Amino acid sequence: MSADPRELKEKMLQIYPKKLRQKRSEQIVINEHREDGSVPEIKANVRSSPGIITQRGCTYAGCKGVVIGPSRDILSLVHGPIGCSFYAWLTRRNQTRPGSPEAQNFINYCLSTDMQEENIVFGGEKKLKEAVREAFHLFHPKAIAIFSTCPVGLIGDDVHAVAREMKAELGINIFGFSCEGYRGVSQSAGHHIANNGLFKHIIGNNETEHTEKFKVNLLGEYNIGGDGFVLEDILSRCGVKQISTFSGNSTYDGMANSHTADLNLVMCHRSINYVAEMMEKRFGIPWMKVNFIGATASAKSLRRIGEYFEDEALKARIEEVIAEEMAKVEVVRELVRSRCQGKTAMLFVGGSRAHHYQQLFSEIGMKTVVAGYEFGHRDDYEGRKVLPGLKIDADSKNIEEVDVVPDPERYRPRRTPEQMARLEAMTELEFQDYVGMMPEMDSDTMIIDDISHHETERILEAYRPDIFCAGIKEKFGVQKMGIPCKQLHSYDYGGPYAGFAGAINFFKDIDRLVNMKIWRYADPPWQPSAAQPEEVAAD
Ligand code: CFM
């Protein structure tokens with residue numbers, strides 16, 4: 001790895017037309033830690049330019065697929081052409097584990113109104129009502145969520161009116177989402193819309209009291225490849241009660257009851273920070289950012305929970321669990337580190353993993369040289385402190401900001417102002433904060449927002465990293481260049497990667513990928529005479 005990031009950036013931009021060059025130059029930043037603690041500004045959460053081959057998804061994907069979909073007993077009904085449902089049908093590896101064989105679990109199903117030309121011309125509300133009734137009589141769910149796809153917004157079907165009418169008719173909770181694919185610049189808009197819906201229609205509907213002493217919700221954990229199961233196990237061993245996860249392995253009742261927790265832990269800040277903030281305003285539940293990706297990061301997050309509850313017995317239990325788990329991690333980590341030390345990685349994933357997974361790589365001595373989000377906002381890159389200065393553009397105005405006031409009966413500050421001040425003074429315990437990706441990356445690393453295919457090829461050519469982490473869309477193009485590509489959305493059928501057990505899995509998988517000699521047999525297109533099999537065998 002010898003590329004000069006500044007030269008490389010210039011070279012990458014050269015082929016673009018002037019206007020695009022200007023825009024992309026603001027979305028590609030060379031990282032720098034300034035004396036005042038700031039990092040350079042990056043342009044993010046703006047529309048993708050046509051033709052760059054973005055890896056982003058749509059607003060409907062963010063709402064249905066990401067935030068609401070993993071919950072097992074909310075019946076998801078897609079209002080739209082059947083094609084929109086294909087990608088919402090078990091294509092994200094969010095797992096779930098019903099409590100008993102009789103418990104409702106709709107994750108295997110894919111329900112769509114299958115809109116036809118006729119519905120586009122004459123309207124689809126009637127068909128939607130019929131579909132809701134049919135779904136209700138087939139499954140008898142506690143709740144039905146209706147998701148709008150692009151044509152629904154274009155023809156003006158009112159999914160909210162249908163939801164209200166059907167709710168009155170059928171007597172269960174039914175709500176709609178105006179999450180048409182085009183509604184925002186990416187799936188990120190869909191997260192926000194889903195958060196608003198969770199807050200308006202579900203959270204606070206179940207007043208079951210729990211007697212456990214330490215009650216939390218885990219927000220922004222979607223149980224991809226079983227990550228959530230690992231975290232449930234760790235938290236319960238520490239004696240921490242998880243009221244609900246948003247939304248991996250979750251149920252409607254758990255979410256409805258989540259306002260009874262005393263702390264919100266935020267894993268994926270990008271997809272769920274809105275719920276965390278709204279719950280704090282309405283119910284008085286503080287939130288803090290945690291990261292259970294990486295063994296050291298997991299230990300740190302657990303200790304933060306102990307500090308928050310200020311309970312010595314809890315802290316002692318947490319230390320026991322950490323010691324027990326770390327002993328297992330260290331054996332594998334040391335071995336893998338000896339083989340991976342000094343190798344390089346690139347990460348291009350959604351809105352949080354491109355940051356979180358850098359921690360796992362650093363634990364085995366690997367450095368992230370270039371990274372970026374598909375749809376992160378400036379606060380995900382630079383930290384939440386930039387929020388007050390963010391410009392609200394027309395695309396963001398498109399999404400409702402829910403006006404939240406303290407609940408007259410149920411608002412209850414979980415900590416006194418003195419306690420909060422004391423906890424905040426402990427440098428390790430920030431509330432309502434997220435430092436972002438760039439402050440935690442080295443100076444002179446390269447950050448690229450919404451990377452294009454052309455830019456991907458240029459950075460691979462210049463740096464030849466030992467591993468590239470992205471998704472299925474990039475995977476095979478990258479591997480044809482002789483560089484292993486690890487999918488960090490789906491985990492390539494692997495995982496779990498969260499928590500201590502997850503770190504062990506990750507270290508082993510990465511070791512296999514970066515040390516496999518097969519990659520040197522592939523000739524990258526720009527280097528037709530790359531290593532021949534004989535040469536590889538010789539070294
Ligand atoms: Fe959050 Fe996610 Fe991510 Fe995300 Fe996603 Fe995902 Fe992701 Mo794929 S919620 S932002 S919209 S951590 S599906 S579980 S892997 S892009 S980095």
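Residues numbered from 1 in each chain as written. Predicted model: local features only at pLDDT ≥ 70, side-chain atom pairs only at ≥ 80, totals over all residues. Heavy atoms only, no water.

(A) Structural detail: the overall build of the chain. Check the secondary structure of the chain and you find 22 helices and 14 strands. Computed over C-alpha atoms, the radius of gyration of the chain comes to 24 Å, within 12% of the 24 Å expected from 2.2 N^0.38 for 539 residues, which places it in the range of a compact globule. Taken along the three principal axes of its C-alpha coordinates, the chain extends 75 × 65 × 50 Å. Per-residue burial over the chain gives 58% buried out of 539 residues. By sequence separation, contacts in the chain at least 24 residues apart represent 76% of the contacts at least 6 residues apart. Of the side-chain charges in the chain, 66 are positive and 76 negative, and the distance between the mean point of each set is 1 Å. (Helix = DSSP H or I, 4+ residues; strand = E, 2+ residues; numbered from the N terminus. Rg over C-alpha atoms; globule rule 2.2 N^0.38 Å. Buried < 20%, exposed > 50% of the residue type's maximum accessible area, 1.4 Å probe, protein only. Contact = heavy atoms within 4.5 Å. Lys, Arg positive; Asp, Glu negative; His and termini not counted. Charge placed at Lys NZ, Arg CZ, Asp CG, Glu CD.)

(B) Seen up close, the layout of surface pockets. Estimates place the volume of the second largest pocket at around 1,100 Å³. Around the second largest pocket, the lining comprises 36 residues; the ones closest to its centre are His377, Leu390, Lys391, Ile392 and Ser396. Going through the elements one at a time, helix H9 (187–201), helix H12 (269–283), helix H16 (378–382) and helix H17 (394–397) are the ones with two or more residues in the lining of the second largest pocket. The greatest single-element share of the lining of the second largest pocket, amounting to 7 residues, is contributed by H12. A breakdown of the residues in the lining of the second largest pocket according to their chemical character gives 13 nonpolar, 9 polar and 14 charged. (1 Å grid on protein atoms, 1.4 Å probe; cavity = no way out; pocket = protein on both sides within 12 Å on 5 of 7 lines; lining within 4 Å. Points joined across faces, edges and corners; volume = space filled by probe spheres on them. Nonpolar A, V, L, I, M, F, W, Y, C, P; charged D, E, K, R; others polar.)

(C) Region of the structure containing empty space enclosed by the protein. Evaluated as defined, the whole model comprises 1 cavity of 30 Å³ or more. Quantified by volume, the largest cavity comes out at close to 40 Å³. Considering the residues around the largest cavity, the lining is formed by Thr54, Gln55, Arg56, Phe348, Gly372, Tyr373, Glu374, Asp450, Ile451 and Glu474. For the lining of the largest cavity, the residue count by class is 3 nonpolar, 3 polar and 4 charged.

(D) How the structure looks around a nonpolar patch on the surface. Together, Ile120, Val121, Phe122, Leu154, Ile155 and Tyr182 line one region of the surface with nonpolar side chains, adding up to about 640 Å² of accessible area. For the nonpolar patch, the secondary-structure elements that each account for two or more residues are helix H5 (117–122) and helix H7 (150–155). Here the nonpolar patch gets 3 residues from one element, more than from any other, and that element is H5. Among the secondary structure elements, isoleucine 155 is positioned in helix H7. (Patch = residues over 30% accessible without salt bridge, like charges linked within 9 Å, V, L, I, M, F, W, Y side chains within 5 Å. Areas by Shrake-Rupley, 256 points an atom, 1.4 Å probe, with all protein chains shown as cover. Salt bridge = Lys/Arg side-chain N within 4 Å of Asp/Glu carboxyl O.)

(E) Representation of the side chain of arginine 270 in the model. Locating arginine 270 in the fold gives a position in helix H12. Among the polar contacts listed, one links the side chain of arginine 270 to the side chain of tyrosine 274, at a separation of 2.8 Å. Each residue touching arginine 270, except ones within four places of it in the same chain, is listed here: Ser188, His191, Gly351, Phe375, Gly376, His377, Asp379 and Asp380. (Polar contact = N/O pair within 3.5 Å; in protein donor to acceptor, adjacent residues only side chain to side chain.)

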